[in-house]
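Structural overview
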Amino acid sequence: MTVFTDEQKIKYLQDIVQIKTVNDNEEEAANYLAGLLKEYGIDSYGVKYDEGRVSLVADVKGQEEGKLLVLSGHTDVVSEGDPFYWTYDPYAAEIHDGKMYGRGVNDMKAGLMALVLAMIELKEEGADFNGTIRLAATVGEEIGMYGSKQLSEEGHLDGADGFLIAEPSGQGTIIYAHKGSLQYEIHAQGQSAHSSMPEVGIDALQLMVDYINNSNEKFAEAFAKGTNEDLGDTINVNTVINGGAQINSVAEKVIMKANARTIPEVDNQVVLDQINAAIEEVNATSKGELSLNILQNNYFATSPDDNPLIEALVNANENPEAVSRETIGGATDASNFSRISDEYDLAIYGPGDMSVAHVVDEYVEVQEYLDFVDIYKQAIKDYLKV
Ligand SMILES: [Zn+2]
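Notes on the structure follow. Because the structure is predicted, anything quoted here is derived from the model rather than measured.

Turning to the coordination of the zinc ion, a few remarks are in order. Of the protein atoms, only His74 (NE2), Asp107 (OD), Glu167 (OE) and Glu167 (OE) coordinate the zinc ion, at distances of 1.9 to 2.6 Å. Taken together, the 4 donor atoms coordinating the zinc ion and their angles of 54 to 143 degrees define a geometry best described as irregular. For the zinc ion, the single-chain donor residues occur in sequence as H-x32-D-x59-E. Here the residue His74 occupies a position in strand E3 (residues 68-74), and Glu167 occupies one in the loop between strand E7 (162-165) and strand E8 (173-178), the gap between them amounting to 93 residues. Residue His74 is classed as buried on the basis of its relative accessible area of 0%. On the accessibility criterion, Glu167 (10% relative accessible area) is buried.

Our focus in this paragraph is helix H3 (residues 105-124). Most of H3 is tucked away, with 18 of its 20 residues classed as buried. Count one or two residues on from H3 and you reach Gly126, which has phi positive near 100 degrees.

On to the sheet that holds strand E15 (residues 363-365). In spatial order, the strands read E4-E5-E15; together these 3 strands make up an open sheet with antiparallel pairing. Bordering the open sheet on either side are strand E4 (95-96) and E15, each of which pairs with just one other strand. Of the strand pairs in this sheet, strand E5 (residues 99-101) and E15 are connected by 3 bridges, and their pairing is antiparallel. Bridged to Tyr101 within E15 is Tyr363. Relative to E5, helix H1 (residues 6-17) is tilted by about 20 degrees, and along the sheet it contacts E4, E5 and E15. Against the sheet, H3 makes contact with E5 and E15, and its axis sits at roughly 45 degrees relative to E15, the strand it touches most.

Here we take up the layout of surface pockets. Roughly 450 Å³ of volume is contained in the largest pocket. When residues of the lining of the largest pocket are traced back to their parent elements, those giving at least two are strand E9 (180-189) and strand E12 (289-298). Of the residues that constitute the lining of the largest pocket, the class distribution is 9 nonpolar, 9 polar and 5 charged. In this structure, the lining of the largest pocket is formed jointly by two domains, domain 1 (6-179 + 300-383) and domain 2 (180-298), each of which donates at least three residues.

Conventions and cut-offs
- Residues numbered from 1 in each chain as written.
- Predicted model: local features only at pLDDT ≥ 70, side-chain atom pairs only at ≥ 80, totals over all residues.
- Heavy atoms only, no water.
- Donors = N, O, S within 2.8 Å, 3.2 Å for Na, K, Ca; no water.
- Tetrahedral: all angles 85-135°; square planar, octahedral: opposite > 155°, others 65-115°.
- Helix = DSSP H or I, 4+ residues; strand = E, 2+ residues; numbered from the N terminus.
- Buried < 20%, exposed > 50% of the residue type's maximum accessible area, 1.4 Å probe, protein only.
- Pairing = 2+ DSSP bridges.
- Contact = heavy atoms within 4.5 Å.
- Axes fitted to C-alpha atoms, helices over the stretch in contact; angles between N-to-C directions.
- 1 Å grid on protein atoms, 1.4 Å probe; cavity = no way out; pocket = protein on both sides within 12 Å on 5 of 7 lines; lining within 4 Å.
- Points joined across faces, edges and corners; volume = space filled by probe spheres on them.
- Nonpolar A, V, L, I, M, F, W, Y, C, P; charged D, E, K, R; others polar.
- Domains from an automatic or database assignment.

Shown next as structure tokens:
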């Protein structure tokens, strides 16, 4: 039995793509989803993050007590950039040759809407499962995973056994783990002076060089202490450096940005410990001042590649052998969700090609989106089977 026609499913996706949620205004998308759920007798509640920014939580309960499966997607999208470069209006959700175009259609409104429709259809079909399906539509994932952090910290997802996150992976790829991501800045504060008299100033550039050399040694030693068989090694990359004012002045201020990608064996705190130790050592021997500014501290998310949720999703495919189980370097809302419990089943699986996320002319194959509604339904019933 299906509750919705393909035309309806397509229309709902177009509606939500047409709601502009560029790192803001997620409340409008949450209200839209709440209205749709309400039409089918499913109550929901909003969790306010900020003015105009609301995450949405809704439950469908099965026959008896059982597992709690969280279905999650973020409602925010990244900026469309200059619409001039788009072939089609980024917020019109036009369909051409079987593809729906629009900002956020791939990352990740198609996945989110497929989850919502699967949830409604399961309820309408009599909720033939045990346990609870809980929708968690989150705000601000693209900037700082604000919604998932808030929902996790405030207890809205306590007791979850599984997390299904509908980020675009494509039908042929399912993600069971990803690294953590630590984004930070190192500030070097010196004192400017004429370059003919450097001794009266403090060279912030030299300070940063000393920090880089010192921290690289510490990273090398610390990172060699553990490897994850799925994710590889923790790495650190210094990515941006800015400083100095003019060619004949000693640099007063230098700021460097860096990004570490972490594994459970060498986690975010290990990286922070090395950074702080390097800062302390260099500061102890210099008149200048190094300091750390953490921008984002997202943890890894790991789960066995044959966990029951992965198995259910793989088996919901017509050709299970064609689905590969992989890891990714980037972080998702799972960074926050997975800190709720020590053991959980994680699957990141949704319609859309990962490489199309955030680009101009972002699209999703309409048929893949429609297929995912059925894949989710079957997998959820299997995971929560009576
Ligand atoms: Zn995303």
